[in-house]
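Commentary on secondary and tertiary structure
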Amino acid sequence: MVKKDKSEYIIQAVSHALDLLEQFHGDIDELGVTELSKRLKLHKNNVFRLLATLESRGYIEQNKATENYRLGLKALELGQTFIRQMGLLRQAKPILEQMVEESNETSYVAIYKDNYIVYLDVVETNLTVRVVSRVGSRLPAYCTAAGKVHMAYMTDEELDELLSDMKFKQITPTTIASAEALREALVKVRELGYAMDDEELDLGVRCIAAPIRDYTRRIVGAISVSGPTMRVSNERIESELVPLVLKSATELSTRLGFPA
């Protein structure tokens, strides 16, 4: 028996419905029946039937004020299901493992929440002298590389609001301890594309972090590598660790749908 090509099983009506949904992209949030008919090269009656079907299932809704159509909540739910299934942690794990294999230093993935950084996952080095795992810990954003990565890309309004309530504590001699100093540091982060914690949280520990972005171009986390200052020299940071972190952040962002 000759196996049929999958294209022979395509249902035309389903294909047309998907074509219709795909018209809503980029800055296009609403379309009318006439415009959809032109774009799909289908008769208006066919477009009406497609819209009615999709609307009954919640994938399309009509704006009563304009009588145009837009994506419904079901489309959002479907997208969110994909994001959960292809989530940050699952995508990050092999990249963290690769980072440790290449650098033999501890690597983390972290998120920003309520002025703190929360480390979600870690892959540790096998060296005796290592950074203590902080998975699950909430650490002040202003003295961590991951925190500075998140704050650096906030809008001016978001940053002003954040700094108005931020309480600084001089944890180590190099900890950033004022809003002015933090603003200066964040400008540098934006210029370089990565952030560094130079013994600002723990004496004897350095960390480099870069932003993770998803398909919406929004920063959803940070990926970092940490190690003791005895191994993490300025020369090694510049020649090895910064390129590694930037490469890893790009790879993870791409896995999450960020356009390459």
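Placed above this text is the structure.
My aim in this report is to walk through the structure given alongside it, one point at a time. (Residues numbered from 1 in each chain as written. Predicted model: local features only at pLDDT ≥ 70, side-chain atom pairs only at ≥ 80, totals over all residues. Heavy atoms only, no water.)

1. Quick word on the state of the cysteines
Definition in use: For this text, the term disulfide refers to a pair of cysteine sulfurs within 2.5 Å. A simple rule labels every residue: compare its accessible area, found with a 1.4 Å probe on the protein chains alone, to the largest value its type can have, and call it buried under 20%, exposed over 50%, or partly exposed in between.
Under the definition given, this model contains zero disulfides. Summary of cysteine pairing: Cys 143 is not part of a disulfide, and the nearest cysteine sulfur, belonging to Cys 207, is at 11 Å. Given the relative accessible area of 0%, Cys 143 is considered buried.

2. Structural notes on the sheet that holds strand β6 (residues 195-198)
We apply this condition: Note on pairing: two strands pair once DSSP finds at least 2 bridges between them. Comment: elements are numbered from the N terminus, with helices defined as DSSP H or I runs of at least four residues and strands as E runs of at least two. Between N-to-C directions, angles cover 0 to 180 degrees, with each direction set by a line fitted to C-alpha atoms, over the stretch in contact for helices. Here a residue-residue contact requires only that any non-hydrogen atoms of the pair lie within 4.5 Å.
Spatial strand order, β5-β4-β3-β8-β7-β6: six strands in an open sheet with antiparallel pairing. One side of each edge strand has no neighbouring strand; the edge strands of this open sheet are β5 (138-140) and β6. Pairwise comparison of adjacent strand axes, ignoring direction, gives a mean angle of 35° for this sheet. Sheet analysis places strand β3 (residues 106-113) next to strand β8 (residues 219-228), joined by five bridges and oriented antiparallel. Bridge pairing in β8 links Ser 107 to Val 225. Contacts between helix α5 (residues 88-103) and the sheet are confined to β3, β4 (116-123), β7 (205-213) and β8, with β4 contributing the most and set at about 65° to the helix.

3. Observations regarding unusual backbone geometry
The backbone of Asn 104 sits at a positive phi, close to 55°, despite the residue not being glycine. Relative to the helices and strands, Asn 104 resides in the loop between α5 and β3. In this structure, Arg 217 is a non-glycine residue whose phi angle is positive, near 75°. Relative to the assigned elements, Arg 217 resides in the loop between β7 and β8.

4. Thoughts on a negative patch on the surface
Note the threshold: Patch membership is restricted to residues that have no salt bridge and whose relative accessible area is over 30%. Joining uses 9 Å for like charges and 5 Å for the nonpolar side chains Val, Leu, Ile, Met, Phe, Trp and Tyr. Computed by Shrake-Rupley with a 1.4 Å probe, the accessible areas treat only the displayed protein chains as cover when residues are assessed. Salt-bridge detection follows one rule: a side-chain nitrogen of Lys or Arg within 4 Å of a carboxyl oxygen of Asp or Glu. His is not counted, nor are the chain ends, whereas Lys and Arg count as positive and Asp and Glu as negative. To locate a charge, take NZ of a lysine, CZ of an arginine, CG of an aspartate or CD of a glutamate.
On the surface, a cluster of negative charge is made up of Asp 156, Glu 157, Glu 158, Glu 161 and Asp 165. As for its position among the elements, Asp 165 is in helix α7 (residues 156-165). The exposure class of Asp 165 is exposed, given its relative accessible area of 56%.

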